[in-house]
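Chains, contacts and geometry: an overview
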Amino acid sequence: MYRLIAYLGVLGCIIIGGILGLFVSVIVLATLDVTINNLHVLIGIALGALIGGALAVIHVCPYIRKLREKKLAKYLTSIPENAGNLIKAIIKQMRYRRKVRRDVTAELIAHFEDALRECTTNEEKGQKAGELIEQFGDAKLLGVLLRRAKKRCRPLWRTVVARGFQAVGVLILCLAVYLAWFLTGKPNISVDYLAILNQMNRPQITDEDNAWLHYEKAIELYVEPNESLERMPVFQNYREAAYRQFDKLTGEEQREIREWVEQNNAVQEKLAAGSLKRYCYRESRYNDKDEEKFIWNIILWHVNPLSGLAKAGIWQSRIHTEEGKFQQAIKDCLTIIRVGRHWQNNKAFTAEQLFGRAMSNLGHNEILNILTTEVLSAAELKQLQQELSQIYLDGYPLLNANGYREMFLDVIQHLFTEGGLGGGHLIPERFMRFEKRMTTRGYPYKFKEHLIIPYIARSIVHARRDETIAKANEILERQTKLVKISPYEKHTKADVASGEILKDLSKHKYHLLRIMQPLPPEFSKLAFEGKVLHKATITILAILRYEAEKGNYPETLEDIMAEGYLNWIPTDPYSSKPLIYKKMEDDFQLYSVGLNFEDDGGKVGKDRKDKPRLWADEGDVVFWPIQDN
Amino acid sequence: MKFESQLLKGIAPVVVLEILSRGQMYGYELSQAIEQRSDEILTLGKGTLYPLLYNLEAKRLVKGKWEEAESGRKRRYYSITSKGKAQLARQKEELRELTTGLNLVFGGALSPA
């Protein structure tokens, strides 16, 4: 009974210690102004419980010992004190199971009782007991011998259970030591990967040739649309066919848009001046507010205002078209494409490259819109074709993964320890913080702060630093090759199926690689789609020029090549054949077989709402005539 | 003395098994029996007796159980098992051969007069 009370006492102290640990840790962390997370609180509770438990054991142990001695003394009343002391010493030294100790005590007491049975006086008993004690020899040695002998007596199952418990105990101890070491790991930030990225991105040009100085000024001057304008459907869905012609908008819509475009006139001039520069180099910097210099935390703040500027440029082009200033309208579009090209050439951030491609597509589509509504002369078409061709004189850029490698290595140095087995391990606390940040940035992973144990477990099973880097290098090397392969080649050659690389990765071992998604296959597909849009736009200009000069459309694409209107034939990335050209009665059709890799006879693809969509899953991608896409 | 102690240590298990083969006994009774039957030549130290008994028990040569003695007190009685009996027979034979060998070496000087 006294044992049960003692155990309950210890348990109570552990619980109280844990609760106190919780409060103390929160107060201390708040005083030190440290971010309080689950891991901190858990460590506080564990420390509190440990101290509470230790204090309880320190106080309860002597109490239990006293009770035990009291109980033993009751049995020893039948033999002289010196014999009792010997038995106590032997039993103390035995340190074995309670039941066994009790049995041995009883047997030794019985031995003394039997030996002293014939003694009549206490003195005689004491003397005889002294002799017996001598015969028993060293109490310590006897205790050890008895323990060993009794241990041999226990049945096999008990030995197995005892060894099992010992093994579990050792394992728990090892695990606790390992966890303490694992959880307290610190990263070693030794390389400034941002400096490497900037160095990699920096061209050998003077500031005069750098477009960023103009773009930076344009961003400073940029006037954001007011709330009323932002709420307008026409403003939100400005790419839709219904809103392309400015004169078809309501008076209110026209007025508000015109006003906003006029507010940004000076900005557009800066943008146009920048777009004509050879290169755009923007030195990336860490966020001033961040204590930790981590590339992943860098916010590409310039992308949003630049998108706004592109939007203003498109509206300006539409206003110019409405005013009959076609040359000016086309210039607006060319500016947007040139700005896009600048960011497409950026080697540092994939996001910037994708943003550049989106801007370029916007400009191309708007040129095609203008060509649909306005008739340009052969000379104007020729000039436009030349200007457009010169923008991508070095070829349309596909995705560049060079910067991603440095970025990933920066993530590794922030999230892993350095050195030791496997080159270092994933630090749970850093890993959680990183995943939380990923979630806030819209990655499709739900961060669950309360699931601290799974995060620790996942950190333990995650591949070590060297292995993670090796796997990332392997993937990036493969994907760097894959981004140069067209969707059709990927579709037809099973050995280059790109999407499988990430899917095949172990869910837990390479979790970090899976969530970071180095260059998903969709990215390279987008680059090919941008490239074919550019080629198709130039081809359409050449066909229209042919018609303007010869009075009829060419029979085949080869005809425009033969007549010198074009010196190449656009290749369809979804068939690896030329884009399909069809001459019609008073028009023509130019299309790609599209994402289903099949020629649907020029049938326009549609989205889920049954609206024409350029890059739909089914149907063809019709570049001309322009659809309501 | 050391030699005697080593000799006794070697033959103690056989002696205990032999005594127990004649009937079950508790610890004190067994130590007394050894002394009496050996005419007090063999004296098993008490510090040796109980570890020895527990070791024999671990080897399943003897088994112990708590029983009430004639005096009404509880005692742990040890009795020889069938395995113990077989072991005893084997060791007795070995001991006999050893004695014969020793007698031959000492020219019969070890035989009781």
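Being a predicted model, the structure only gives us computed values, none of them experimental.

Here we come to the overall build of chain B. When helices and strands are tallied, chain B shows 4 helices and 3 strands. Element order for chain B, N to C, with α for helix and β for strand: α-β-α-α-β-β-α. Relative to its 113 residues, chain B shows a buried fraction of 40%. Taking all contacts inside chain B whose residues are at least 6 apart in sequence as the whole, residues at least 24 apart take part in 43%.

Quick look at the overall build of chain A now. Secondary structure summary: chain A contains 26 helices and 3 strands in total. Scored against the burial criterion, the 629 residues of chain A give a buried share of 48%. For chain A, the share of sequence-separated contacts (at least 6 apart) that also reach a separation of at least 24 residues comes to 69%. Split by element, the accessible area of chain A, about 32,800 Å² in all, is 55% carbon and sulfur.

In this structure, Tyr215(A), Ile295(A), Trp315(A), Phe434(A), Leu512(A) and Met516(A) are the most contacted members of the largest nonpolar core, which totals 72 residues. A total of 8 residues in this core trace back to one element, the largest contributor, which is helix α14 (residues 303–322) of chain A. Contact partners of Trp315(A), with chain neighbours within four places excluded, come to Val234(A), Phe235(A), Tyr238(A), Tyr243(A), Phe246(A), Leu249(A), Ile257(A), Trp260(A) and Val261(A). Counting residues in hydrophobic clusters, the runner-up holds 55 residues, among them Ile87(A), Leu108(A), Tyr50(B) and Ala69(B).

In this section: the pattern of salt bridges. Any two side chains of opposite charge can pair, given that their charged atoms come close. Tallied over the full model, the rule gives 26 salt bridges over all chains. With its nearest N and O atoms 3.4 Å apart, the salt bridge here joins Arg278(A) to Asp209(A). Of this pair, Arg278(A) sits in the loop between α13 (265–275) and α14 while Asp209(A) sits in the loop between α8 (193–201) and α9 (212–221), placing them 69 residues apart in sequence. Taking relative accessible area as the criterion, Asp209(A) reaches 24% and is therefore assigned partly exposed. Across the pair Glu18(B) and Lys92(B) runs a salt bridge whose closest N-O atoms are separated by 3.1 Å. Taken as a pair, Glu18(B) in helix α1 (residues 2–20) and Lys92(B) in helix α4 (residues 82–105) lie far apart in primary sequence, 74 residues in all. Under the relative-accessibility criterion, Lys92(B) is labelled partly exposed at 34%.

For the rest of this paragraph, the subject is the interface of chain B and chain A. Across the contact, 21 residues belong to chain B and 21 residues belong to chain A. The three residues of chain B that bury the most area against chain A are Tyr28(B), Lys46(B) and Tyr54(B), which together make up 34% of that side's buried surface. Run the count over chain B and chain A and you get 2 salt bridges. Measuring nitrogen to oxygen at the nearest pair gives 2.8 Å for the salt bridge that ties Arg75(B) to Asp114(A). In this assembly, chain B and chain A are joined by 5 residue pairs in polar contact (both at pLDDT 80 or more). Listing elements by their share of the side of chain B that touches chain A, those giving two or more residues are α2 (27–37), α3 (46–58) and β3 (74–80) of chain B. With 9 residues, α3(B) is the single largest residue contributor to the side of chain B that touches chain A. Its residues assigned to classes, the side of chain B that touches chain A shows 9 nonpolar, 5 polar and 7 charged.

Now for the side chain of Asn210(A). All names here are of chain A. Here Asn210 shows up in the loop between α8 and α9. A polar contact is formed between the side chain of Asn210 and the backbone nitrogen of Trp212, at a distance of 3.1 Å. A polar side-chain atom of Asn210 sits 2.7 Å from the main-chain amide nitrogen of Tyr281. Excluding residues that lie within four positions of it along the chain, Asn210 makes contacts with Ile205, Lys277, Tyr279, Cys280 and Tyr281.

Residue and element names in this part refer to chain A. A cluster of basic residues, Arg65, Arg68, Lys71, Lys74, Lys92, Arg98, Arg102 and Lys140, forms a positive patch on the protein surface. Among the elements of the structure, α2 (38–75) and α4 (98–115) are those that each provide at least two residues to the positive patch. It is α2 that contributes the most residues to the positive patch, 4 residues altogether. Along the chain, Arg98 falls in helix α4.

Time to look at the sheet that holds strand β3 (residues 621–624) of chain A. Residues and elements named next belong to chain A. Reading across from one edge, β1-β2-β3 is the order of the 3 strands in this open sheet, with antiparallel pairing throughout. At either margin of the open sheet sits one strand with a lone partner, and together these are β1 (580–583) and β3. Strand after strand, the sheet turns through a mean of 25° between neighbouring axes, direction not considered.

Conventions used here
- Residues numbered from 1 in each chain as written.
- Chains lettered and ligands numbered in written order.
- Predicted model: local features only at pLDDT ≥ 70, side-chain atom pairs only at ≥ 80, totals over all residues.
- Heavy atoms only, no water.
- Helix = DSSP H or I, 4+ residues; strand = E, 2+ residues; numbered from the N terminus.
- Buried < 20%, exposed > 50% of the residue type's maximum accessible area, 1.4 Å probe, protein only.
- Contact = heavy atoms within 4.5 Å.
- Areas by Shrake-Rupley, 256 points an atom, 1.4 Å probe, with all protein chains shown as cover.
- Core = buried A, V, L, I, M, F, W, Y, C linked by side-chain atoms within 4.5 Å.
- Salt bridge = Lys/Arg side-chain N within 4 Å of Asp/Glu carboxyl O.
- Buried area = accessible area lost by both parts, 1.4 Å probe.
- Polar contact = N/O pair within 3.5 Å; in protein donor to acceptor, adjacent residues only side chain to side chain.
- Nonpolar A, V, L, I, M, F, W, Y, C, P; charged D, E, K, R; others polar.
- Patch = residues over 30% accessible without salt bridge, like charges linked within 9 Å, V, L, I, M, F, W, Y side chains within 5 Å.
- Lys, Arg positive; Asp, Glu negative; His and termini not counted.
- Charge placed at Lys NZ, Arg CZ, Asp CG, Glu CD.
- Pairing = 2+ DSSP bridges.
- Axes fitted to C-alpha atoms, helices over the stretch in contact; angles between N-to-C directions.

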